[in-house]
Amino acid sequence: QVQLVESGGGLVQPGGSLRLSCAASEFTLGYYAIHWLRQAPGKEREGVSCLDSSDDTTVMADSVKGRFTMSRDNAKNTVYLQMNSLKPEDTAVYYCATSLFCYSDPENWGQGTQVTVSS
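So, here's what we can say about the structure. In this text, all values refer to a predicted model and were calculated from it rather than measured experimentally. (Residues numbered from 1 in each chain as written. Predicted model: local features only at pLDDT ≥ 70, side-chain atom pairs only at ≥ 80, totals over all residues. Heavy atoms only, no water.)

1. What about the state of the cysteines?
Just so we agree on the cut-off: In what follows, a disulfide is any cysteine sulfur pair within 2.5 Å. Strands are runs of DSSP state E lasting at least 2 residues, helices are runs of H or I lasting at least 4, and numbering of each runs from the N terminus.
Under the definition given, this model contains two disulfides. What pairs with Cys50 in a disulfide is Cys102, and their sulfur atoms sit 2.1 Å apart. Judged by the torsion about the S-S bond (-90 degrees), the Cys50/Cys102 disulfide is left-handed. Of this pair, Cys50 sits in strand β5 (residues 46–52) while Cys102 is found in the loop between β9 (92–99) and β10 (108–109), placing the two residues 52 residues apart along the sequence. Counting only the cysteines that form disulfides, in the order they appear in the protein chain, gives the pairing 1-3, 2-4.

2. Structural notes on the packing of aromatic side chains
Put simply, the test is: Each Phe, Tyr or Trp ring, with Trp reduced to its six-membered ring, pairs with another whose centre is within 6.5 Å; inter-plane angles below 30 degrees give stacked pairs, above 60 give edge-to-face pairs, and intermediate values give tilted ones. To sort residues, take the accessible area from a 1.4 Å probe on protein chains only and compare it with the maximum for the residue type: under 20% means buried, over 50% means exposed, and anything in between is partly exposed. Charges are assigned to positions over rings by a cutoff of 6 Å between ring centre and Lys NZ or Arg CZ, combined with an angular limit of 35 degrees from the ring normal.
For the structure shown, the criterion picks out two aromatic pairs. With 5.9 Å between their ring centres and 75 degrees between their planes, Tyr95 and Trp109 make a pair best called edge-to-face. Taken together, the residues Tyr95 in strand β9 and Trp109 in strand β10 connect sequence positions 14 residues apart. For Trp109, a relative accessible area of 29% puts it in the partly exposed group. A centroid spacing of 5.0 Å and a plane angle of 0 degrees characterise the contact between Phe101 and Tyr103, whose relative ring orientation is stacked. Positioned above the aromatic ring of Tyr95 is the side chain of Arg45, whose terminal nitrogen or guanidinium carbon lies 4.1 Å from the ring centre. Over the aromatic face of Trp109 sits the side chain of Arg45, whose NZ or CZ is 4.4 Å from the ring centroid.

3. Let's talk about the nonpolar core
In plain terms, the rule: We define the nonpolar core as a collection of buried residues of types Ala, Val, Leu, Ile, Met, Phe, Trp, Tyr and Cys that are connected through side-chain atoms lying within 4.5 Å of one another. Pairs of residues are marked as contacts when any of their non-hydrogen atoms sit within 4.5 Å.
Trp36, Phe68, Leu81, Met83 and Tyr94 are the most contacted members of the largest nonpolar core, which has 27 residues in total. If you list the elements that add at least two residues to this core, you get β3 (18–25), β4 (33–39), β5, β7 (68–73), β8 (78–83), β9 and β11 (113–117). Among the elements that take part in this core, β3 stands out by supplying four residues, more than any other. Once residues within four sequence positions are removed from consideration, Tyr94 is found in contact with Glu6, Leu20, Trp36, Leu37, Arg38, Val48, Phe68, Leu81, Met83, Gly112, Thr113 and Val115.

Shown next, in the form of structure tokens:
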């Protein structure tokens, strides 16, 4: 079975940093577009970023540009989301997911990891 596992979430104060990881099994992550999405309590899921495997181009949501970056380690079959200058409004469950292209809807999803930004 295809499996994605997120990790690295936790509690951090405003202005702090976290690095989220998304590890894949049973398939090669480099063949897919990789999305990060998030869902805050009572709100719909929203897209955060997407990494296009064909050229390593990254698309970032306006709300996180300049603060978040995305990267890939093909040897570990893992992608990362580095989150800096965190704000309380970044509090959400963060998910990684795959699709064929960044403009396609995510298909395979991980279980999510909680990020809480609070003083």
